[in-house]
Amino acid sequence: MNSSIKLLLVLLMSFELAFVQSITVNISVIVLGMSYLLAKKVKLQKLLLLIIIPIIPVASTWSSFYVNGTGDFIHSAWLLSSRIYAYIILGGIFSFTTSINDLLSSLEQNWHMPSKFVYGTLGAFNFAPRVRNSILQIKTAALMRGETLHIWSPQIFFKAILLSLRWSDNLSRAMQSHGYAENNVRTHYRKQRIPAWNWVLFITIFGVFQFIVFKKLP
């Protein structure tokens, strides 16, 4: 499925889940989502992280409604707890099976997102590994001077901002040297087309989701 269509589907389902008062719907999303990720051969370590990392907020939500809730507090506790996992699974479906390059290319070509924003975002993502390496170099240089810098140290933020400003200028010059012009019509080496079967699959999945939602399951 095209990346932008997948993003639209996940956003619509996530928005509707916020108003659904059914534990069964949340569990269905979790089970079907995990099955999809397994079918896509996502690493087991990533799937375990999806389950383990949210345990504390899920347990806190459940205990908060169980202890302080009113009315049908047990249903509310399980509803909100399962909804957290449903949101996380939907996010995992999108993030684990989608390339940021394909997504931004599709948004530019099919949804007319400004190319300036697209290429700026691509530049930021591609600079992320260099930022990590630069922070390690800053810490190492500080250790050689007998200083220990932590992640909350203001020196790291100040030097990282200076590096980012320098890289921003270099990126702008590099794009101009490669013939980038903001208002000109651009050609693309890789075309991000949305085939008809993508829309059929989108309507089918969203239709099945609507059937489950409006069946008024507990």
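Bear in mind the structure is a predicted one, so any value in this text is a computation, not a measurement.

Rules of the game
- Residues numbered from 1 in each chain as written.
- Predicted model: local features only at pLDDT ≥ 70, side-chain atom pairs only at ≥ 80, totals over all residues.
- Heavy atoms only, no water.
- 1 Å grid on protein atoms, 1.4 Å probe; cavity = no way out; pocket = protein on both sides within 12 Å on 5 of 7 lines; lining within 4 Å.
- Points joined across faces, edges and corners; volume = space filled by probe spheres on them.
- Helix = DSSP H or I, 4+ residues; strand = E, 2+ residues; numbered from the N terminus.
- Nonpolar A, V, L, I, M, F, W, Y, C, P; charged D, E, K, R; others polar.
- Axes fitted to C-alpha atoms, helices over the stretch in contact; angles between N-to-C directions.
- Parallel < 35°, antiparallel > 145°, perpendicular 65-115°, else oblique.
- Left-handed = near helix turned anticlockwise from the far one by under 90°.
- Contact = heavy atoms within 4.5 Å.
- Core = buried A, V, L, I, M, F, W, Y, C linked by side-chain atoms within 4.5 Å.
- Buried < 20%, exposed > 50% of the residue type's maximum accessible area, 1.4 Å probe, protein only.
- Expected span 1.5 Å × (residues − 1).
- Domains from an automatic or database assignment.
- Salt bridge = Lys/Arg side-chain N within 4 Å of Asp/Glu carboxyl O.
- pLDDT = per-residue confidence, 0-100.
- UniProt positions renumbered as here; feature names shortened; annotations may be inferred.

### Digging into the layout of surface pockets
Piece 1. Considering only enclosed or pocket space, the largest pocket measures out at about 490 Å³ in volume.
Piece 2. The wall of the largest pocket is formed by 18 residues, among which Leu9, Met13, Tyr36, Ile93 and Ile205 lie closest to the centre.
Piece 3. Counting residues per element, the ones that place at least two in the lining of the largest pocket are helix H1 (3-17), helix H2 (23-39), helix H5 (73-96) and helix H9 (196-214).
Piece 4. Among the residues forming the lining of the largest pocket, the class breakdown is 14 nonpolar, two polar and two charged.
Piece 5. Volume-wise, the second largest pocket comes out at about 290 Å³.
Piece 6. Sort the elements by how many residues they give to the lining of the second largest pocket and helix H8 (residues 154-177) lands first, with seven residues.
Piece 7. The class makeup of the residues in the lining of the second largest pocket is eight nonpolar, six polar and no charged.

### Digging into the packing of helix H4 (residues 55-68) against H5
Piece 1. Contact geometry of H4 with H5 gives a least axis separation of 8 Å together with a crossing angle of 165°. Here H5 runs roughly antiparallel to H4, going by the angle between their axes. Here H4 runs over H5; the crossing is right-handed. Along its contact with H4, which presents Ile55, Pro57, Val58, Thr61, Trp62, Phe65 and Tyr66, the element H5 presents Phe73, Ile74, Ser76, Ala77, Trp78, Leu80, Ser81, Ile84 and Tyr85.

### So, the nonpolar core
Piece 1. One finds Leu17, Val25, Leu37, Leu90 and Phe209 to be the most contacted residues of the largest nonpolar core, which totals 27 residues.
Piece 2. Among the secondary structure elements, those contributing two or more residues to this core are H1, H2, helix H3 (44-52), H5, helix H6 (100-111) and H9.
Piece 3. Counting residues per element, this core draws most heavily on H5, at six residues.
Piece 4. The contacts of Leu90, once residues within four sequence positions are left out, are Val10, Met13, Ser14, Leu17 and Val29.

### Observations regarding H5
Piece 1. Counted at 1.5 Å a residue, the expected span for H5 with its 24 residues is 34 Å, and the 34 Å between its end C-alpha atoms agrees.
Piece 2. Of the residues making up H5, those classed as buried are Ala77, Leu79, Ser81, Ser82, Arg83, Tyr85, Ala86, Ile89, Leu90, Gly92, Ile93 and Phe94.

### Some remarks on the domain arrangement of the chain
Piece 1. Split into domains, the chain comes out as domain 1 (3-99 + 192-215) and domain 2 (115-178).
Piece 2. Taking only C-alpha atoms into account, the centre of domain 1 sits 35 Å from that of domain 2.

### Brief notes about the pattern of salt bridges
Piece 1. Tallied over the full model, the rule gives one salt bridge.
Piece 2. For the salt bridge of Glu147 with Arg145, the shortest nitrogen-to-oxygen distance reads 3.9 Å.

### Details of the confidence of the model for the chain
Piece 1. In the predicted model, the chain carries a mean pLDDT of 85, and 95% of its residues have values of at least 70.
Piece 2. For the chain, H8 is the element with the lowest average pLDDT, namely 76, and H1 is the one with the highest, namely 93.

### Let's talk about the packing of H1 against H9
Two quantities define a packed helix pair, namely the angle between the axes and the distance from one axis to the other.
Piece 1. Contact geometry of H1 with H9 gives a least axis separation of 10 Å together with a crossing angle of 10°. Comparing the axis directions of H1 and H9 gives the class roughly parallel. Across from Ile5, Leu8, Leu9, Leu12, Met13, Glu16 and Leu17 in H1, the residues of H9 making contact are Asn198, Trp199, Phe202, Ile205, Phe206, Phe209, Gln210, Val213 and Phe214.
Piece 2. Among the residues making up the contact of H1 with H9, the classes are represented as 13 nonpolar, two polar and one charged.

### Thoughts on the side chain of Ser81
Piece 1. The topology assignment puts Ser81 in helix H5.
Piece 2. Apart from the residues lying within four places of it in its own chain, the contact partners of Ser81 are Val58, Thr61 and Trp62.

### Re the UniProt feature "transmembrane region" (unreviewed entry) in the chain
Piece 1. As annotated in UniProt, the feature "transmembrane region" (unreviewed entry) corresponds to residues 17-38, 47-65, 85-104 and 196-214 in the numbering used here.
Piece 2. Between the end C-alpha atoms of residues 17-38 the distance is 23 Å, and the span holds 77% helix and 0% strand.
Piece 3. This span, residues 47-65, is 89% helix and 0% strand, and a straight line between its end C-alpha atoms measures 27 Å.

### Focus: the environment of Ile89
Piece 1. Along the polypeptide, Ile89 turns up in helix H5.
Piece 2. The spacing of Ile89 and Ile203 is 114 residues in sequence and 20 Å in space, taken between C-alpha atoms.
Piece 3. Discounting chain neighbours no more than four positions away, the residues touching Ile89 are Val29, Ile30, Gly33, Met34 and Leu50.

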